[in-house]
Amino acid sequence: MDISLEIFSPVQQIHHELFKSREVEVFVKRDDMIHPLISGNKWRKLKYLLKKSQAENKSHLVTFGGAFSNHLLATAAAAAKFGFKATGIVRGEEVENDTLFLCKLHGMQLLFTDRDSYRDKPALFEKYFGCDSDAFFIDEGGASAEGAQGCSELVTELDQHFDHIICACGTGTTAAGIINGLQQHAPDTRFNAVPVFKNGEFMREEIDRFLLSPSGYQLHTDYHFGGYSKTKPELIDFIRQFTASTGILIEPIYTGKMFYALFDLIEKGQFKPGSRILAIHTGGLWGILGMRDKF
Ligand SMILES: *Cc1c(COP(=O)(O)O)cnc(C)c1O
């Protein structure tokens, strides 16, 4: 089967008083519109992994994630669409939630594992699937050089010039891919990475391992709101206002933090007047269902 999706990810301008007063223009790359479940950057990261799996005649995708992982869900949906079998190894004790329900509905087998064993993913793969010659290892979050390669293609879809691109980071694969794409196609565009983890300085190493050549991108580490999947009332308020005033849904784990960072950096005058800024909407909207009680 041909592993491809027609990419529908338009660039849309959004408007706000703040942008006017700071004389910047803000656009959103709607990767959330690529597919409802194989969302945004997750499709870009999976594309070349699935092609590699197919080239190696491996029909069983084995991957890893937390119980709310967008990557698990994207892998489940992509496996169903392109005719693979899929297993998700889930961190922590057995639970049920909307994400895992959708994973199972797409035929993904789930294996729950304690947090200690979860740390060593190659060992888990070996333990469960060492004897399965069909099994293909996909790291947590799709982190890989193939993942970065898929993400770099985002840059080739842009038909206007941007002074800045800003994007949320989990594994850093998406950031690395976009930076690689920029170096090739738009070397004047500056890249701004927003880690969603506490102490996000470590993200530099994570990004750098997939870069094809060194880059002077910016890391904005002050927008984690307490850490991964942590939130604060001001982030929730921001998400309400942003979504209600733009019609673009964002969520608290990734895109909410990235847009909050963008507004704050604009407010602080971090972008020169006249700047054209592109924010990457990396999708992952189902994640908001796991955070309903915060709203
Ligand atoms: C997974 C995810 C990210 C993080 O992407 P990385 O390539 O792991 O850095 C960002 N945004 C959303 C919505 C995601 O689901």
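Quick look at the structure, then. Values in this document were obtained by computation on a predicted structure and should not be read as measured data.

A word on the packing of helix H7 (residues 145-156) against helix H8 (residues 173-185)
Each pair of packed helices can be described by the angle between their axes along with the distance between the axes. Relative to each other, H7 and H8 sit at 50 degrees, their axes nearing to 7 Å. Judged on the interaxial angle alone, H8 and H7 are oblique. Of the two possible hands of crossing, H7 and H8 adopt the one that is right-handed. In this structure, H7 uses Gly147, Ala148, Cys151, Ser152, Leu154, Val155 and Thr156 to contact H8, whose residues at the interface are Thr173, Thr174, Gly177, Ile178, Gly181, Leu182 and His185. For the contact of H7 with H8, a count of residues per class yields six nonpolar, eight polar and no charged.

Some points on the pattern of salt bridges
Summed over the entire model, instances satisfying the criterion amount to 15 salt bridges. For the salt bridge of Glu157 with Arg44, the shortest nitrogen-to-oxygen distance reads 2.9 Å. Residue Glu157 is located in the loop between H7 and strand S7 (164-169), and its partner Arg44 is located in helix H2 (residues 41-55); the two are separated by 113 residues in the primary sequence. Glu157 gets classed as partly exposed once you look at its relative accessible area, which sits at 29%. Of the charged contacts in the structure, one is a salt bridge between Glu153 and Lys47, with a shortest N-O distance of 2.9 Å. Of this pair, Glu153 sits in helix H7 while Lys47 is found in helix H2, placing the two residues 106 residues apart along the sequence.

Some points on empty space enclosed by the protein
Summed over all chains, the structure comprises one cavity of 30 Å³ or more. Reported here for the largest cavity is a volume of approximately 50 Å³. Pro36, Leu37, Ser39, Lys42, Asn70, Leu73, Ala74, Gly284 and Trp286 together form the lining of the largest cavity. When residues in the lining of the largest cavity are grouped by element, the largest group, three residues, is from helix H3 (residues 70-82). Residues belonging to the lining of the largest cavity are distributed by class as follows: five nonpolar, three polar and one charged. Per-domain counts for the lining of the largest cavity show at least three residues from each of domain 1 (11-38 + 146-294) and domain 2 (41-142).

Quick word on the state of the cysteines
Applying the stated criterion across every chain yields a total of zero disulfides. Residue Cys167 stays outside any disulfide, its sulfur separated by 5.8 Å from that of Cys169, the closest cysteine.

A few points about unusual backbone geometry
Among all residues except glycine, the phi angle is most often negative; among peptide bonds, the trans geometry is most common. With a phi close to 60 degrees, Asn57 is a non-glycine residue in the positive phi region. Accessibility expressed as a relative area gives 66% for Asn57, which makes it exposed. Although it is not a glycine, Asn199 sits at a positive phi angle of roughly 50 degrees. On the secondary structure map, Asn199 appears in the loop between strand S8 (190-195) and helix H9 (203-208). Residue Asn199 is classed as exposed on the basis of its relative accessible area of 55%.

Here's the deal with the nonpolar core
Core analysis: the biggest nonpolar cluster contains 31 residues, and Phe259, Leu262 and Ile266 have the highest contact counts within it. When contributions to this core are tallied by element, the ones reaching two or more residues are helix H1 (17-22), strand S2 (25-30), S7, helix H10 (233-246), helix H11 (255-267) and strand S10 (276-281). Looking at this core element by element, the count peaks at seven residues for H11. Apart from residues no more than four positions distant in its own chain, Ile266 is found in contact with Leu18, Phe19, Arg22, Val24, Val26, Phe271 and Ile277.

Details of the pairing of S8
With respect to burial, S8 is a largely interior element, five of its six residues being buried. Following the backbone out of S7, through H8 and into the adjacent parallel S8, one traces a crossover that is right-handed. The sheet contact formed by S8 and strand S9 (residues 218-219) spans two bridges and is parallel. Looking at the pairing, Asn192 lines up with Gln218 of S9.

Observations concerning the side chain of Lys42
Structurally, Lys42 can be placed in helix H2. Here Lys42 is buried and forms no salt bridge, its nearest opposite-charge partner Glu251 lying at an N-O distance of 8.8 Å. At 3.4 Å, the side chain of Lys42 forms a polar contact with the side chain of Asn41. What Lys42 contacts, discounting residues up to four positions off in sequence, is Asn70, His71 and Ala74.

Each value, and the rule that gives it
- Residues numbered from 1 in each chain as written.
- Predicted model: local features only at pLDDT ≥ 70, side-chain atom pairs only at ≥ 80, totals over all residues.
- Heavy atoms only, no water.
- Axes fitted to C-alpha atoms, helices over the stretch in contact; angles between N-to-C directions.
- Helix = DSSP H or I, 4+ residues; strand = E, 2+ residues; numbered from the N terminus.
- Parallel < 35°, antiparallel > 145°, perpendicular 65-115°, else oblique.
- Left-handed = near helix turned anticlockwise from the far one by under 90°.
- Contact = heavy atoms within 4.5 Å.
- Nonpolar A, V, L, I, M, F, W, Y, C, P; charged D, E, K, R; others polar.
- Salt bridge = Lys/Arg side-chain N within 4 Å of Asp/Glu carboxyl O.
- Buried < 20%, exposed > 50% of the residue type's maximum accessible area, 1.4 Å probe, protein only.
- 1 Å grid on protein atoms, 1.4 Å probe; cavity = no way out; pocket = protein on both sides within 12 Å on 5 of 7 lines; lining within 4 Å.
- Points joined across faces, edges and corners; volume = space filled by probe spheres on them.
- Domains from an automatic or database assignment.
- Disulfide = S-S within 2.5 Å.
- Core = buried A, V, L, I, M, F, W, Y, C linked by side-chain atoms within 4.5 Å.
- Right-handed = clockwise from strand over helix to strand, strands pointing away.
- Pairing = 2+ DSSP bridges.
- Lys, Arg positive; Asp, Glu negative; His and termini not counted.
- Polar contact = N/O pair within 3.5 Å; in protein donor to acceptor, adjacent residues only side chain to side chain.

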